Amino acid sequence: MSLGHLISASPPSILVSSKDVIGIGFCEYLTSPAGCLALLRENKLGSDKKMAYHKVNADQRAQGHSPYLDNDELQATALELEWDMEKELEEPGFDHFRLDGAVQHHLGNSQSPDLDLEPIQPSSSPKGRFQRLQEDPDYISHYTRQAPKSNRCSFFQILKVFCTALILFIFGIVIGYYAHKKCPSPSPSQEPNNAHIYHEILKEIKAEHIHQIYRDLLQFPREDDVDIAMKILAQWRSQGLEDVQLVNYSVLLDLPGSSSNTVTLKKSGECFYPSGQQCNRETKTLHSQDLLYSYAAYSAKGTLEAELVDVQYGTVADLIRIQAITNVTKKIALLKLGQSPLLYKLSLLEDAGFGGVLLYVDPCDLPKTTDLADKAFMVSLNAGGDPSTPGYASIDGSYRQNRLNLTTLLVQPISAVLAKKLISLPEDTVKKDRCIPLQWPAAGKKIINLNIQSVTTYKTISNVIGYLKGTVFPDRYIIIGSHHNSLNTYSGQEWASSTAIITAFIQALTLKVKKGWRPDRTIVFCSWGGTLFGNIGSYEWAEDLKRVLQRNVVAYVSLHNPVTGNSTLHPVASPSLQQLAAESQSFKCVEKTRCPGSNNSSFLSEALFPVHTTKTEELDPSFSLHENIAKLTGQVTLQIASEPVLPFNALDIALEVQNSLKGDEVNIPQLLAVASRLRDTAELFQSDEMRPANDPKERAPIRVRMLNDVLQSLEKSFLIHRAPPGLYRNILYRLDERTSQFSVLLEALEHCKLHQSNETIQAALSEVLNSINSAQVYFKAGLDVFETTLGGKK
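Quick caveat: nothing in here was measured; it's all calculated off a predicted structure.

1. Examining the overall build of the protein chain
Then comes step 1: Helices and strands together make up the secondary structure of the protein chain, namely 25 helices and 18 strands.
Then comes step 2: When burial is assessed residue by residue, the protein chain has 46% of its 794 residues classed as buried.
Then comes step 3: Of the roughly 40,000 Å² of accessible surface on the protein chain, a fraction of 53% belongs to carbon and sulfur atoms.

Here it is, written out as structure tokens:
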């Protein structure tokens, strides 16, 4: 299984207390902000009226101890003063009325010139002046007249406001209750149940189900890409996946010609097919499909007669050795597959001036359990996508470039049997359990004629895309991909294995979905078309949805070729996902012993051998390996899709960078210094942000969302604009397990040896330095945001 980490998250829902709902939020919900302001203003005005009314009466009572208190004229004056104040308070523009002891407020002209109205001061006594007035037993006897009508109106207004506020208060409680009930947030106590949910889903994945799906897939007749995709689409829908789409692209494919390519010895005139069999009509009839599909897609076409030169694995050291003893211009290289990417080695041979290449796999590099020495194979020279639309999607109306060949070399794969014949070695090269690698004799020299024909044409390829929408962050995608094809025996059975595993996982998920469960993030299931020609289907879809995927993709899980043996479980992950992959690998090998490591030469998977129909069932007759791989894939996918905090490790990236800078070749002080700063910042990020976020008690939704946004883009800083042929754009990805340093730096060092120039190494060092510095700045910026914007919000 391969994990390609591209990356947000599922923080707990934001809880709003009933207090918040009833307050400002409730006001904004029922009325406009202007309506809220009007309500507050009306309440303040009513209280001011009441205060002013009480104060004036208090002043009147203070003068009531004079002998003129019982005078009717004075009583009338007092009542008229109250009426004038009511009218004054009701005048427009009185909104600015304030109670302030430092400023005098003229309440209007009074009809009693004898009244001296002092500035109103709030009473500081426990019992205000108005209250003491009411305590006077003479108060009732002296003031028996009915209160003014305006006072009663003021009382009813206050009562009306009070009743309205009470109704709104009750209404707010009801709305807050049902809103909280309808949109519940996952409480921390629910999170430990995730492991139980995962177990309930994964236990539905069974070997017998995968085996049955596998056999159903193989019942499909050998039809074109679109027909197979339609049947996969129907199968996924039958398992309960509702949102499934067929996405078609018209792309340029390089297909075999009507006759097989040939290799002819000039001296003897012997003609051979790529498999090593001699050219004759009977052989061509018996093995027509295998012979036709033993070719290199997008190779140059034509005929070349030249000397054959053994370049072994085509490394820089091999080329330096060969060029020191002979002129290689327009000659044909005999090249072994493995040790480094094919496209990289072909670029070196093309730069050196070779005209053609015979490509084979040394039997010593093959597993002992395989018998492929007499079989040729297919390779693709396409780095990815539709060659006629490089960098943009092959949609209707796109400009099509005329790129029939992707190299000037005539490239032809051949079997190991034919390679032995060409260098005049006996077929049995195994002596006493020791394999002797194939090598050209010191005095050997042969001239051959290489004839290559193929046909380029536009074909429709189809992707099957299915969505299981998430509930919390449906715009965050975890993609699981496999491939399908229809190239007869060269399609092999691995496509059926990977598709069966994905289909079984879909079946287990939909059973849980029917019970009401869904992941937090969206899971996208993909079956790619045109994979054998250079991952065309996946590239075109990615170019078509480039902006969406760059923003939304969290991780990619690949099931390209899940079962190739029965003794080694070998998950491959990008640095930030390595810990998750290791933790999920909780089961042992079939023999219940320690899983051994792989001793095979790397990059042999670039060769596509014809596979017998029972090969997969021979490797895993009980389909228990398929079940284990399906459960491992499901465990990883569910954790990424449903954990509140993305299970990515920031510190592992910094450690990977430091490990990649070990060695004398890249011991550059500037690189080491910036790598050290990256580790310090990553450690601080891990301790200050990631650890608290993993504690449900300290988990704030906004912090978790921001944290996941940072985690999602951790590795994007390490993408370089243009990588050497065959190398990854992400400099963190190593070419194989044998290399521990940045591949882009190792390639530059090799290039420096070959061309006697340090320009390439300086450019590579600059790219690595800027990538590490960009990652450090990215971590630091994330920390700064948490500290300044969200400081104190735990």
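2. Quick word on the pairing of strand S10 (residues 410-413)
Then comes step 1: Because side chains alternate across S10, one face comprises the buried residues Leu410 and Gln412, and the other comprises Val411 and Pro413, equally buried.
Then comes step 2: Bridge count between strand S8 (residues 356-360) and S10: 4 bridges; the pairing is parallel. Across the sheet, Leu359 pairs through a bridge with Pro413, a residue of S10.

3. So, the sheet that holds strand S13 (residues 447-452)
Then comes step 1: Taking strand neighbours across the sheet as the criterion, the 7 strands line up as S4-S3-S13-S6-S7-S8-S10 in an open arrangement whose pairing is mixed. The sheet terminates laterally at strand S4 (271-272) and S10, the two strands that pair on one side only.
Then comes step 2: Sheet analysis places strand S7 (residues 332-336) next to S8, joined by 5 bridges and oriented parallel. Its bridge partner being in S8, Lys336 is matched across the sheet by Tyr360.
Then comes step 3: Each of strand S6 (302-312), S7, S8 and S10 touches helix H13 (residues 342-352); the most contacted strand, S7, lies at about 155° to it.

4. Digging into unusual backbone geometry
Then comes step 1: Positive phi is not limited to glycine here, since Gln312 has a value of about 55°.
Then comes step 2: Despite not being glycine, Gln339 has its phi angle at roughly 75°, a positive value.
Then comes step 3: If you trace the backbone, Gln339 turns up in the loop between S7 and H13.
Then comes step 4: Taking relative accessible area as the criterion, Gln339 reaches 36% and is therefore assigned partly exposed.

5. Things to note about the pattern of salt bridges
Then comes step 1: What the rule picks out here adds up to 17 salt bridges.
Then comes step 2: For Asp243, the salt bridge identified is with Lys469, shortest N-O distance 3.8 Å. Here the residue Asp243 occupies a position in strand S2 (residues 243-256), and Lys469 occupies one in the loop between strand S14 (454-468) and strand S15 (473-483), the gap between them amounting to 226 residues.
Then comes step 3: Judged by its relative accessible area of 40%, Lys469 falls in the partly exposed class.
Then comes step 4: Arg679 is the partner of Glu683 in a salt bridge, and the nearest nitrogen-oxygen pair spans 3.2 Å. Here Glu683 pairs with Arg679, and both are found in helix H22 (residues 669-693), just 4 residues apart, close to one helical turn.
Then comes step 5: Relative accessible area serves as the criterion here: at 32%, Glu683 is assigned to the partly exposed category.
Then comes step 6: Take Arg679: its relative accessible area is 31%, and that puts it in the partly exposed class.

6. A short note on the state of the cysteines
Then comes step 1: In the structure shown here, the tally under the stated rule is 2 disulfides.
Then comes step 2: Disulfide pairing places Cys271 opposite Cys279 at an S-S distance of 2.1 Å. Between Cys271 and Cys279 the disulfide shows an S-S torsion of about -65°. By sign, it is left-handed.
Then comes step 3: Judged by its relative accessible area of 23%, Cys271 is partly exposed.
Then comes step 4: Accessibility expressed as a relative area gives 27% for Cys279, which makes it partly exposed.

7. Quick word on the packing of helix H12 (residues 316-323) against H13
Then comes step 1: Relative orientation of the contacting elements H12 and H13 amounts to 20°, with a least axis distance of 11 Å. Relative to H13, H12 is oriented roughly parallel. Judged by the twist between their axes, the crossing of H12 over H13 is right-handed. Between H12, through Val316, Leu319 and Gln323, and H13, the contact on the second element is made entirely by Tyr344, Leu348, Leu349 and Ala352.
Then comes step 2: Residues belonging to the contact of H12 with H13 are distributed by class as follows: 6 nonpolar, 1 polar and no charged.

8. Here's the deal with the confidence of the model for the protein chain
Then comes step 1: A residue-level look at the protein chain finds 70% of positions with pLDDT of 70 or above and a mean pLDDT of 75.
Then comes step 2: Within the model, pLDDT remains below 50 along residues 184-190, and this stretch shows 8 contacts once partners closer than five positions in the same chain are excluded.

9. What to know about a nonpolar patch on the surface
Then comes step 1: Judged by side-chain polarity, Phe155, Phe156, Leu159, Phe162, Leu166, Phe169, Ile170, Phe171, Ile173 and Val174 come together as a nonpolar surface patch covering roughly 980 Å² of accessible area.
Then comes step 2: Assignment of secondary structure puts Ile170 in helix H6 (residues 149-182).
Then comes step 3: With relative accessibility at 47%, the residue Ile170 sits in the partly exposed group.

10. Considerations on the pairing of strand S3 (residues 262-265)
Then comes step 1: Judged by which residues are buried, S3 turns out to be covered on both faces: Thr262 and Thr264 on one side and Val263 and Leu265 on the other are all buried.
Then comes step 2: Here S3 runs beside S13; their pairing, made up of 4 bridges, is antiparallel. Note that in S13 the partner of Leu265 across the bridge is Ile448.
Then comes step 3: Pairing of S3 with S4, which is carried by 2 bridges, proceeds in the antiparallel orientation. Within the sheet, the bridge partner assigned to Thr264 lies in S4 and is Cys271.
Then comes step 4: Counting the residues between successive antiparallel strands, the hairpin from S3 to S4 contains 5 residues, one of them, Gly269, with a positive phi of roughly 80°.

11. Let's talk about the side chain of Arg476
Then comes step 1: Residue position: Arg476 is located in strand S15.
Then comes step 2: Judged by its relative accessible area of 7%, Arg476 falls in the buried class.
Then comes step 3: Among the polar contacts made by the side chain of Arg476, one reaches the side chain of Asn552 at a distance of 3.3 Å.

12. What to know about the nonpolar core
Then comes step 1: Grouped together as the largest cluster of nonpolar side chains are 92 residues, with contacts concentrated most on Phe525, Ile640 and Phe685.
Then comes step 2: In contact with Phe525, not counting residues within four places along its chain, are Trp236, Leu241, Val464, Ile465, Gly466, Leu468, Ile480, Ile502, Phe505, Ile506 and Leu509.
Then comes step 3: Grouped together as the second largest cluster of nonpolar side chains are 32 residues, Val309, Val328, Leu727 and Leu754 included.

13. Side note on helix H24 (residues 743-755)
Then comes step 1: Its 13 residues place the ends of H24 18 Å apart at the C-alpha level, agreeing with the 18 Å of an ideal helix rising 1.5 Å per residue.
Then comes step 2: Ser743, Val744, Leu745, Glu747, Ala748 and Leu754 are the residues of H24 that are buried.
Then comes step 3: Note on H24: the residue one or two positions beyond its end, Gln756, has a positive phi of about 55°.

14. Regarding helix H9 (residues 225-238)
Then comes step 1: With 14 residues, H9 should cover 20 Å at 1.5 Å per step; its first-to-last C-alpha distance of 20 Å lies within 8% of that length.
Then comes step 2: What H9 keeps buried is the set Asp225, Ile228, Ala229, Ile232, Leu233, Gln235 and Trp236. Mapping the buried residues of H9 onto a view down its axis gives an arc of 165°, with all of them on the same face.
Then comes step 3: Where H9 is buried, its residues contact helix H8 (207-218), S2, S14, helix H15 (494-513) and strand S16 (521-528).
Then comes step 4: Note on H9: the residue one or two positions beyond its end, Gly240, has a positive phi of about 110°.

What counts, and at which threshold
Residues numbered from 1 in each chain as written. Predicted model: local features only at pLDDT ≥ 70, side-chain atom pairs only at ≥ 80, totals over all residues. Heavy atoms only, no water. Helix = DSSP H or I, 4+ residues; strand = E, 2+ residues; numbered from the N terminus. Buried < 20%, exposed > 50% of the residue type's maximum accessible area, 1.4 Å probe, protein only. Areas by Shrake-Rupley, 256 points an atom, 1.4 Å probe, with all protein chains shown as cover. Pairing = 2+ DSSP bridges. Contact = heavy atoms within 4.5 Å. Axes fitted to C-alpha atoms, helices over the stretch in contact; angles between N-to-C directions. Salt bridge = Lys/Arg side-chain N within 4 Å of Asp/Glu carboxyl O. Disulfide = S-S within 2.5 Å. Parallel < 35°, antiparallel > 145°, perpendicular 65-115°, else oblique. Left-handed = near helix turned anticlockwise from the far one by under 90°. Nonpolar A, V, L, I, M, F, W, Y, C, P; charged D, E, K, R; others polar. pLDDT = per-residue confidence, 0-100. Patch = residues over 30% accessible without salt bridge, like charges linked within 9 Å, V, L, I, M, F, W, Y side chains within 5 Å. Polar contact = N/O pair within 3.5 Å; in protein donor to acceptor, adjacent residues only side chain to side chain. Core = buried A, V, L, I, M, F, W, Y, C linked by side-chain atoms within 4.5 Å. Expected span 1.5 Å × (residues − 1). Arc of directions from axis to C-beta.

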